[in-house]
Amino acid sequence: MSSLRDRVPLVSEPVNSADSEPRRGFEIAPGQVTIPETQSDFDGSEGIKFSFRKLWAFTGPGFLMSIAYLDPGNIESDLQSGAIAKYKLLWVLMWSTVLGLVLQLLAARLGCVTGKNLAQICREEYPTAPRIVLWLMMELAIIGSDIQEVVGSAIAINLLSNNLIPIWAGVLITGIDTFTFLFLESAGLRKLELLFGFLITIMAVCFMYMYIAVKPDQGDILIGLWFPWCQDCKKDAIEQLVGIVGAVIMPHNIYLHSALVLSRVLERTSTRKVEEANMYYSIESAIALFVSFLINLFVVAVFAKAFSEGSGFTPDEASLQTAGVWIFRKFGLPMKIIWGIGILSAGQSSTMTGTYAGQFVMEGFLNIHWAKWKRVLLTRSIAIVPTIIVALTAHQDIDFLNSWLNVLQSVQLPFALLPILHFTNSERVMGKFKNGKVMQLVVWLLAALVMGVNFYLAYLYLFDSGQQAWLMVIIALVIVIYLMFVVYLAIGLRNITLLKIWFARKRGREVFYLEEELRIRDSYCYTAFGHDRTNSVLSQREAPLSGSVQINQSSSLPVAGDL
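Every value quoted in this text rests on a predicted model; they were computed, and no experiment measured them.

Some thoughts on the overall build of the protein chain
Of regular secondary structure, the protein chain possesses 22 helices and two strands. Looking at the protein chain as a whole, 58% of its 563 residues qualify as buried. Accessible surface computed for the protein chain: about 23400 Å², of which carbon and sulfur atoms make up 65%.

Given below as C-alpha cells:
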C-alpha cells in the first residue's frame, strides 16, 4: 500500500516565507532567524554576491552539526588511532571528514529546497512499516551515540574532580544538566548557537595547547595526511582504519542537519534565494567541519607521540581515562585539567545536539502535535533515559561498550544514507536542485564505499569473536533480514513499484492499481519550481502556482488497493 494514501498534492503558501514572523520558544523551530537584505537584493541583478552579513546570519546550523564529529566517541577513536597506528591513518580521518561534508551538504540542500527535514519527507514517502523501522533504527543510533557522550562527560567530570566524583555519579550529573542547558533555548536560538560555538572554541584551544606542548613530528603528520597507505600495519591498525569511518559519519547527524537549516526564514518560491541559502550553508558547513578536522587531528597527533615515548601504557590500553592518567604523569595537573575541560566540552555539547536529533527524528516520523513542553520532554527523554540506564550499568566496561557502539553506528548508517541519496537525486523532490548525473554517480560511489567500510567493521566484531554456533545462526538470520531492508531502501520506492508492474504483467495480472499508485507518486512534489506537472494531479486543479507543495492530510483520493 502506498504511503501517499488519502494525500493529494496541493499548493499553499510557502513555508518560512520572507513574511513569516521569527519564532522563539522552548525548541529549535523553523523560521526563527531572519536573513538581512543587502544591496544586491534590490539592484535587480540575477547573480549572487557574497555578503559577510548574510554568511553570519546563516552561520549556526553547520557548527551545531559539526559537534557530532567531536563527541567523546570520536575523541577516543582518535587517541586509539594515534596510539596504535601513530600518524599512518590521518589520511583516513581527513577523507572521512570530506565524505561527511558531502553528505551533510546533501542534507542541508534537502531542507533548504523542500522546507522539510529528512524525517518528515521519510514519513510522507515511505509506507507505514518501513517508516516505523527507519524511526526505530534512528532512535537506536541516537541512544548509542548518547551513551558515548554521557560516559565521556562522566569521565571528564571524574578527571576534573581528581577522582572524587565516580563515573556513575558523573553520568547522573550529565543527564540532569543536559536538560538544564536546553532551557537556554528560551534565550533565543542565536544565543544557543553562540554557546555551542564557545564550547567548540574551548575544545580547539585545549587540544591545540596540548598539540603545541607535546610537539609531534610535523613531517610524519604531513606524510600521514597525504599518503594513503598503512605500511606494516597489523590487524589492530586495520580495525582502527575502519573504526575511524564508523565514528566520524553518524547517521542521525544527517537527519539533524536537514532540520537545523529550517531555522532560517527563506523564501522558497525564489530560485535565487534558495541558491543563495545553499551557497552560504555550504561555506559554513565546510568551515565547521574543517575546524572539527583540526581538533581531531590534534588528538591523533598528541597520542601518536605520547604512546611512543614509554608512557607506561600499551596502545591497547588507550582510552579517555588512561589518557588523563598519562597526561597527569607527563605534564602535571594543569594539563590534565585542560584535557578534562576539552572532553567535558565535547561531551556536553554533543549530548545536547543528540537530544535535538532525537526531537527532530521523533517529531518528523510520528508527526507529533502536542504542547511544546510535552513534546520536547518526551522526545528528549526517549534518547537520554536509556542512555543513563546503560551508562550506569555498564560503566565498568567502557572501552568494550564504546567499540560495540561504533559497530551500532556503522550498521545504522544506510538508514540515513540511502534515503538522503534517493531524495536529493529526485527531480520530483528537489526540482531543479536535484543532483546532476556526475554528482549522482559520485554520491552513490561514496555511499557504496562508506557502507562497505562500515559493514567490514561490523564483520570484524561479529564474526571474529568466537561465538557459539547457535548464536552465529541467529546473527546470520538477523543479517539476512537487515540486508533485505537495506536492498529495499537502495532500490527505491518508485523502482520497486516498476518491478511490481513488470512482474504483474509477466504473470498476466491487472496492473492498473499499480500504475495509478505510480502516477500519484510522480505527481506529488515538494517545490514551487518542481518537475513538469503537465499530466499530474496538480495540473488538473486550478491552484495558484506560487508557494511550496504541501500535503493535505484530510484529502481523499483512492490509490493502490482502493482501486
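What follows picks up the thread again.
A closer look at helix α3 (residues 72-85)
When the terminal C-alpha atoms of α3 are compared, their 19 Å separation across 14 residues agrees well with the 20 Å that a helix rising 1.5 Å per residue should span. Judged by how many residues are buried, α3 sits mostly within the fold: 13 of 14 residues are covered. Among the residues of α3, the N-terminal cap falls to aspartate 71, whose side-chain oxygen and the backbone nitrogen of asparagine 74 are separated by 2.8 Å.

Here we look at the packing of aromatic side chains
Applying the stated criterion to the full structure yields 14 aromatic pairs. Residues tryptophan 502 and phenylalanine 503 carry aromatic rings whose centres are separated by 4.9 Å and whose planes lie at 80 degrees to one another, so their mutual orientation is edge-to-face. For phenylalanine 503, a relative accessible area of 48% puts it in the partly exposed group. Every member of this aromatic cluster is reached through a ring pair, and the members are Phe50, Phe52, Phe58, Tyr280 and Tyr281. The side chain of arginine 190 reaches across the aromatic face of tryptophan 56, ending 5.2 Å from its centre.

Considering the environment of leucine 136
Tracing the backbone through its elements, the reader meets leucine 136 in helix α6 (residues 128-160). For the pair leucine 136 and methionine 362, spaced 226 residues apart in sequence, the C-alpha to C-alpha distance is 9.1 Å.

Describing helix α12 (residues 271-306)
Every α-helical turn comprises 3.6 residues, leaving residues that sit three or four positions apart pointing alike. Its 36 residues place the ends of α12 52 Å apart at the C-alpha level, agreeing with the 52 Å of an ideal helix rising 1.5 Å per residue. Judged by how many residues are buried, α12 sits mostly within the fold: 26 of 36 residues are covered.

Remarks on the side chain of glutamine 440
If you trace the backbone, glutamine 440 turns up in helix α19 (residues 437-463). Judged by its relative accessible area of 17%, glutamine 440 is buried. When residues no more than four places from it in sequence are discounted, the contact partners of glutamine 440 are Asn425 and Asn435.

Quick notes on the pattern of salt bridges
Considering all chains together, one arrives at eleven salt bridges under this definition. For the salt bridge of arginine 190 with glutamate 193, the shortest nitrogen-to-oxygen distance reads 3.0 Å. Taken as a pair, arginine 190 and glutamate 193 lie in helix α8 (residues 189-214) at a separation of three residues, close to a single helical turn. The closest approach of N and O atoms between aspartate 522 and arginine 494, which form a salt bridge, is 2.9 Å. Placement of aspartate 522 in helix α22 (residues 512-523) and of arginine 494 in helix α21 (residues 493-506) is noted, with a sequence separation of 28 residues between them. You can call aspartate 522 partly exposed: its relative accessible area is 25%. Arginine 494 gets classed as partly exposed once you look at its relative accessible area, which sits at 38%. Linked by salt bridges that have partners in common, Glu125, Arg428 and Arg521 make up one network.

A short note on the nonpolar core
Counting residues in hydrophobic clusters, the biggest one holds 127 residues, and the most contacted among them are Phe207, Tyr255, Phe303 and Trp339. Here tyrosine 255 is in contact with Leu118, Ala119, Cys122, Met138, Val361, Phe365, Phe415, Ala416 and Pro419, once residues within four sequence places are set aside.

Brief notes about unusual backbone geometry
Although it is not a glycine, lysine 86 adopts a positive phi angle of roughly 60 degrees. Locating lysine 86 in the fold gives a position in the loop between α3 and α4 (90-114).

Focus on the confidence of the model for the protein chain
With 76% of its residues at a pLDDT of at least 70, the protein chain reaches an overall mean of 77. Contacts of residues 5-26 to residues separated by more than four positions or lying in other chains number 90 contacts, the stretch itself having pLDDT below 50. Ignoring residues within four places in sequence, the model shows residues 530-563, a span with pLDDT below 50, making 93 contacts including any to other chains.

Here we look at a nonpolar patch on the surface
Where nonpolar side chains cluster on the molecular surface, the patch consists of Trp95, Val98, Leu222, Ile223, Trp226, Phe227 and Trp229 and spans about 760 Å² of accessible area. When residues of the nonpolar patch are assigned to their parent elements, the largest contribution, three residues, is made by helix α9 (residues 218-226). One can find tryptophan 95 in helix α4.

Rules used throughout
- Residues numbered from 1 in each chain as written.
- Predicted model: local features only at pLDDT ≥ 70, side-chain atom pairs only at ≥ 80, totals over all residues.
- Heavy atoms only, no water.
- Helix = DSSP H or I, 4+ residues; strand = E, 2+ residues; numbered from the N terminus.
- Buried < 20%, exposed > 50% of the residue type's maximum accessible area, 1.4 Å probe, protein only.
- Areas by Shrake-Rupley, 256 points an atom, 1.4 Å probe, with all protein chains shown as cover.
- Expected span 1.5 Å × (residues − 1).
- Polar contact = N/O pair within 3.5 Å; in protein donor to acceptor, adjacent residues only side chain to side chain.
- Phe/Tyr/Trp six-rings, centres within 6.5 Å; stacked < 30°, edge-to-face > 60°.
- Lys NZ or Arg CZ within 6 Å of the ring centre and 35° of its normal.
- Contact = heavy atoms within 4.5 Å.
- Salt bridge = Lys/Arg side-chain N within 4 Å of Asp/Glu carboxyl O.
- Core = buried A, V, L, I, M, F, W, Y, C linked by side-chain atoms within 4.5 Å.
- pLDDT = per-residue confidence, 0-100.
- Patch = residues over 30% accessible without salt bridge, like charges linked within 9 Å, V, L, I, M, F, W, Y side chains within 5 Å.

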